[in-house]
Amino acid sequence: MSSLLNTLGKHFPECSKGDLIPILQHVQHQEGYIPSNTIREISEYLNISCSTIYGVATFYSQFKFNPPGRHSIKICLGTACHVQGGDFILSALQMEIGITPGSTTEDGRFDLERVACLGCCAIAPVMMVDNDIHSRLSVIKLRQILSNYE
Amino acid sequence: MKSDKGIYISVEIDGKQIQVPEGSTVLDAATSAGIYIPTLCYLKGLKSYGGCRLCIVEIKNMIGYPTACTTPVTNEMEISTKSPELQSIRREILELILSEHPYSCLICNDKKECQDFMYTTRKVTVTTGCNFCTSNGGCELQDLVEYLDLKDIRFPITYRNVQAIKNNPFYDLDYNLCILCGRCVRICNEERYSGVLAFVQRGNSTLVGTAFGESQIEAGCEYCGACVDVCPTGSLSEKMGSWVGVPTDSTTSTCILCSVGCRMNINTKGNRIVNIGPRPGKRTEPDQLCIRGKFIPADITHHPERIIKPLINKNGAWLEITWDQAIDIITKHFKEFSGNDFGIIGSAHDTIENSYALQKFCRVVMGSNNIDLSPTYNDRSLFKKVHGFQPVGIDEIIGFDAIFIIGSNASVSHPIIENRVRKAYHHDAKIITAHSHLNRTYQFSNERIIYHPGSENIFLLQILKDLKTAQNIKFPKDISDALKLIDKKHASTATGIKQAQIRKIIESLAPAKKILIIAGDTLFKSSSSNDNFNLLSNIHFALNKFADCGMMFLVDDGNRFGATYTGMHPEYLPGFLEVRNGEKKWSEAWGIDISPVSGLSTDEMISNLPGNNFKSLFLKGDLPDHEKLNELEFFVQQNMFITETSKYADILLPAYCFTESNGHIINIERNLKQINPAVHAPEFIKPTWQILSNISRKLKNKSFQYRKTNEIYEEITAKLDLSIDKTSRKTSKFVLSMPDIKIPLKKRKIEMIPEPDYFLYQGNSMSKLIPDMKQLIDKKGGKHG
């Protein structure tokens, strides 16, 4: 608990309210997500209420509130993927692993996130699992792809 | 409207030429010209937000439609507020807002007849008015739909379908009705500094909420009710009074539950309090209330356990009797026990009229000086001494550069005063908080001191000693000599406060031009009360040498000062005239000889029973259960409820609640404030002064006869100046009493002062009587100290 406060003191000695986002980024970098108790610690450190910090953090999609899974799935819902049926892929995926975007499966195997574009519109619809791009997805292909990740 | 330089500029609004101070907004200008501009997110006193876009106007030579609430006026500005185009855009904006708000009540064809036909007794399948929203009839959206003449909403409707939050003791939150105007979020953060509410998520999924969806109480809600007061829709609604309908009457009165004495609007329908707060009528002054003013009065006034008829104790069972019987019995016994056998214990939550009547009855009719309040302060002369200081206005607090707040849990005991301290903190005042345990105020402090419980006096000595050396202040010789004897090390061990911390306090005080000392009542509830007072006065004296120093005493209970001032004291007659001096003023006024012997205090009356010749007691309100009360030969209690103490009473009389009373109180600023009845008391309840008059009539005493509250008020004001002079007066010389600090810490007697229960009304514990309050206190469980 206090180790976070110590590092905060080291990295952000000015204790100014403007440090909130850099601190959240720092925590996310260290922990992989923003645990609820760190919000409390940041609140004490910066003298900003927990609700306000949570409000700021939820505004930016870069901040996560669940511990990351062993594998991260990023599903693209950019224009091209959307046109090619990205929504169907997302709902099929949600059904398959049983979680909604922004959360992690109970067994910690996958976490799911929706993104706006992965930069490979030519092979839409796409998703990214860890660092692998899977292109021209179909609902049938999904299960097979997922089975490669334990 | 703020005008810093006092420069006025001329603008033209809808063809009307007006002069407005420079720096005001277009909305301010329009309001001052009596021109209505529709708004939703705007709230006077909060920073303009420009969120709802309804206040858009057209300004010549300005592109687009700027919002009136955020645009400052410039010279010769030409503003148009009501062109058909503007109204059409406004209509569209409102449509967009309503596409996310259930609006059946807004555009229903039958809405005009709805209110009239809602209350049908037919049990047939006809829809007789829909009740989707507790705010029906009092909703600002309904007013706007009416104003903009909106007939239909053309956009697809989204229903958020979030669950209403009902886990709150005092209010419900239904965010399906929320239009995200942000008033609640802003008032919670900018005005109350509670930081409970925030906008969470973004875009379509934005909602008002707390971190991780925790409950309000976990998020540190203080239940000030400000968010409920400002909500323009039914999204936030009080539990008490929801679904009752729109209040038809509003009475402005004064809250008696703490000594701040906030003005409040009690909104009623029939003989029932619907809610307390701003609507209808003006917003409360000062701007908001606290948990007590906002939520408690309705609960106690309409409490199901309230007694409404005189009761007699027949071997433990309560039997109803008539007033005549009750008065007869009381008179019979009071005849036996007049003089020093008799005493009255009153309440500090009572009007000055009742207090004056009680003490006059005791002295004039019963011939006894045994009159006191409950609970009392150890130091009997405290209030006379407090009277020697110039009072500080609550709204003046914000103007101080440094505030030293000691021995107080003000966020609970005096939330409105603590709110001003928070404001001062955000206006860069230096706040120094010292108390024996952590509380909410520490969050708004620059210096945070926690001393050992019971060591307040030594801590004050530490301050005084350092202040003397640092500022080179010349004290009278006896005090300087005494201060020289203090060993800094011993003092540090006793309080747990290091010398460096003391130095830091002095350093923060030194540059200040205006310093305020706020002394909490734990300082005066301990046995070293007298020492603490003297030390504080000396610190006040020292600070006054280099700065303008104000002093505020956070005494508890609504009218404690007023009651003491009007004579509810065993040693003082009204106006702090001492009984033992045999002052002529009151004996002449009342036409009797007042015994020059001081009476018994509350503690002396009870703790010396039996054996002190004290036999009969009249109690207004309640006392903590004390088995010695059983020794009384005759005991009358006048209270709203049957309590633990009532089992010792022979006669129990019903009492008025302050929401039903007429009268005045004197608050912490020593201002006289009026209490007005908002509802009628149940039929068989009589005010205290009337009961006393009836008894006096039976006793054939002609000097105590009142028919109206006003007669008492006139009698008081004829003899006593209630508009208390607030100009500076000379503080008398204070003696420094020295606490012994050389006793090692281990051998020191530790005096624990339990945090007083601030949620009392006339001695009755509100947390016991009101289940919601109990829930709140149980849940808090010391989390916030």
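This text goes with the structure placed above it.
Basis of the calculations
- Residues numbered from 1 in each chain as written.
- Chains lettered and ligands numbered in written order.
- Predicted model: local features only at pLDDT ≥ 70, side-chain atom pairs only at ≥ 80, totals over all residues.
- Pairing = 2+ DSSP bridges.
- Helix = DSSP H or I, 4+ residues; strand = E, 2+ residues; numbered from the N terminus.
- Axes fitted to C-alpha atoms, helices over the stretch in contact; angles between N-to-C directions.
- Contact = placed C-beta atoms within 7 Å.
- Expected span 1.5 Å × (residues − 1).
- Buried ≥ 20, exposed ≤ 12 C-beta atoms within 10 Å, placed from the backbone.
- Arc of directions from axis to C-beta.

Q: Explanation requested: the sheet that holds strand E11 (residues 272-276) of chain B in the structure shown.
A: Strands belonging to one sheet form pairs held by backbone hydrogen bonds; the direction of such a pair is parallel or antiparallel. All names here are of chain B. Spatially, the 3 strands line up as an open sheet ordered E9-E10-E11, and their pairing is antiparallel. Since the sheet does not close on itself, it has two edges, and those belong to strand E9 (249-254) and E11, each with one partner. Adjacent strand axes in the sheet meet at a mean angle of 35°, parallel and antiparallel pairs treated alike. One ladder, built from 4 bridges, connects strand E10 (residues 263-269) with E11; its direction is antiparallel.

Q: What is the right way to read the interface of chain A and chain B from this model?
A: By convention, interface size is frequently given as the accessible area that disappears when the constituent parts associate. Taken together, the contacts link 12 residues of chain A with 14 residues of chain B. For the side of chain A that touches chain B, the elements supplying multiple residues, two or more each, are helix H3 (36-46) and helix H4 (50-59) of chain A. The biggest single contributor to the side of chain A that touches chain B is H4 of chain A, with 8 residues.

Q: Quick question: what am I supposed to make of helix H2 (residues 84-98) of chain B here?
A: All names here are of chain B. Between the first and last C-alpha of H2 there are 21 Å, a value that for 15 residues agrees with the 21 Å anticipated at 1.5 Å per step. Taken together, the buried positions of H2 are Arg90, Leu94, Ile97 and Leu98. Burial along H2 is one-sided: seen end-on, the buried residues are contained in an arc of 90°. Facing away from the buried surface of H2 by more than 90 degrees, the exposed residues are Pro84, Glu85, Ser88 and Leu96. In the core, the buried residues of H2 are packed alongside helix H3 (104-107) and helix H5 (140-148).

Q: Is there a simple way to think about the sheet that holds strand E2 (residues 110-115) of chain A in this case?
A: Residues and elements named next belong to chain A. If you walk across this open sheet you meet the 4 strands as E2-E1-E3-E4, and the pairing is mixed. Strands at the two margins of the open sheet, each flanked by one partner only, are E2 and strand E4 (132-134). Between one strand and the next, the sheet's axes are offset by a mean angle of 20°, whatever the strand orientation. Relative to strand E3 (residues 127-129), strand E1 (residues 71-76) runs antiparallel, the two sharing 3 bridges. If you follow Lys74 over to E3, its bridge partner there is Met128. On the sheet, helix H6 (residues 86-97) packs against E1, E2 and E3 and is oriented at approximately 155° with respect to E1.

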